[in-house]
Amino acid sequence: MAGADSTSTLTESYTEMTELLLPNDTNTLGRALGGVVLHWMDICGAIAASRFASEQCVTASMDHVDFISPIDIGEIAVIEAYVFNTGHTSMDVRVDVRAENPLTDECRQTTSSFLTFVAIDGNGTPTPVPELVCEDETEEELQEAAIAERQQELESLVERLD
């Protein structure tokens, strides 16, 4: 069991899921339903957070989501997530989704977002999470890029609300 006095790395949290887009998860245009993609993002993010904290984790929030490219029926959705920042009991997770066409090897980004998860103990009480440690330059770059992008999105949100 992890906790406030322990450490975990970004790489230890890294999670990749794949889903083949089948008719049951599509709209009338043969493209992924947005809610299905959000569901996959939530699951992948929760796995990354649980791996990082070695605890059960619950979703606290999901930031802004733009669907920038569709996932078409028969394509493979690749969902990647990793913890990039922590609080006392919470973890910020970046989740990226891309579509891969298995027949042409074409690959494109479809959406991304930042989710916050809270670690909970067996009684459902928030519990401390490990300190995030970046072991190499690649992890540091991923962390810095995620922090900067999230900050930019939050500033953009504030501007829209003014």
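Source: prediction; values computed, not measured.

(A) Summary view of a nonpolar patch on the surface. Together, Leu154, Leu157 and Leu161 make up a nonpolar patch on the protein surface, roughly 290 Å² of accessible area in all. Its location among the elements puts leucine 157 in helix α3 (residues 137–161).

(B) Main features of the nonpolar core. Trp40, Ile71, Ile79, Met91, Val93 and Phe117 are the most contacted members of the largest nonpolar core, which has 34 residues in total. At 10 residues, the largest contribution of residues to this core is made by helix α2 (residues 34–53).

(C) View of α3. Taking 1.5 Å of rise per residue, 25 residues should cover 36 Å, and α3 covers 36 Å from first to last C-alpha, within 8% of that figure. Restricting attention to buried positions, one finds in α3 the residues Glu139, Gln143, Ala146 and Arg150. Its buried side turned inward, α3 meets β1 (7–9), α1 (10–13), β4 (76–86), β5 (90–100), β6 (107–120) and β7 (131–133). Residue aspartate 136 occupies the N-cap position of α3, its side-chain oxygen lying 3.1 Å from the main-chain nitrogen of threonine 138.

(D) Region of interest: the environment of isoleucine 120. By the secondary structure assignment, isoleucine 120 is in strand β6. Classification of isoleucine 120 as buried rests on a relative accessible area of 18%. Measuring from C-alpha to C-alpha, the distance between isoleucine 120 and isoleucine 68 comes to 33 Å, with 52 residues separating the pair along the chain. Contacts of isoleucine 120, omitting those with residues within four sequence positions, involve Glu55, Gln56, Val58, Thr125, Pro126 and Thr127.

(E) Main features of α2. Under the 1.5 Å per step criterion, the end-to-end length of α2 is 28 Å for 20 residues, consistent within 8% with the ideal 28 Å. For α2, the set of buried residues is Val36, Val37, Trp40, Met41, Cys44, Gly45, Ala46, Ala48, Ala49, Phe52 and Ala53. Immediately downstream of α2, the backbone of serine 54 shows phi near 55 degrees, a positive value.

Criteria and cut-off values
- Going along each chain's sequence as written, the residues are numbered from 1 onward.
- For a predicted model such as this one, the threshold for reporting local features is a pLDDT of at least 70, and the threshold for listing and counting side-chain atom pairs is 80 or more; totals across whole chains, interfaces and linings nevertheless cover every residue.
- Where side-chain values are given, they derive from all heavy atoms of the structure, hydrogens and water being excluded.
- Patch definition: residues above 30% relative accessible area lacking any salt bridge, with like charges linked at up to 9 Å and the nonpolar side chains Val, Leu, Ile, Met, Phe, Trp and Tyr linked at up to 5 Å.
- For accessible areas, the Shrake-Rupley method is used with a probe of radius 1.4 Å. Any residue's cover is judged against the shown protein chains and nothing else.
- Basic side-chain nitrogens of Lys or Arg form a salt bridge, by our definition, when they fall within 4 Å of a carboxyl oxygen of Asp or Glu.
- Here a strand is any run of E in DSSP of at least two residues, a helix any run of H or I of at least four, and the numbering for each starts at the N terminus.
- The set of buried Ala, Val, Leu, Ile, Met, Phe, Trp, Tyr and Cys residues whose side-chain atoms join them within 4.5 Å is what this entry labels a nonpolar core.
- Three exposure classes are used, based on accessible area relative to the maximum for each residue type with a 1.4 Å probe and protein chains only: buried under 20%, partly exposed in between, and exposed over 50%.
- Take the number of residues in a helix, subtract one, and multiply by 1.5 Å to get its expected span.
- Only heavy atoms matter for contacts: two residues are in contact if any of them lie within 4.5 Å across the pair.
- Whenever two N or O atoms come within 3.5 Å, that pair is a polar contact, provided that in protein one can donate a hydrogen and the other can accept it, and provided that, for residues adjacent in sequence, both atoms are side-chain atoms.

Everything listed here is a matter of geometry and, on its own, says nothing about what the molecule does.
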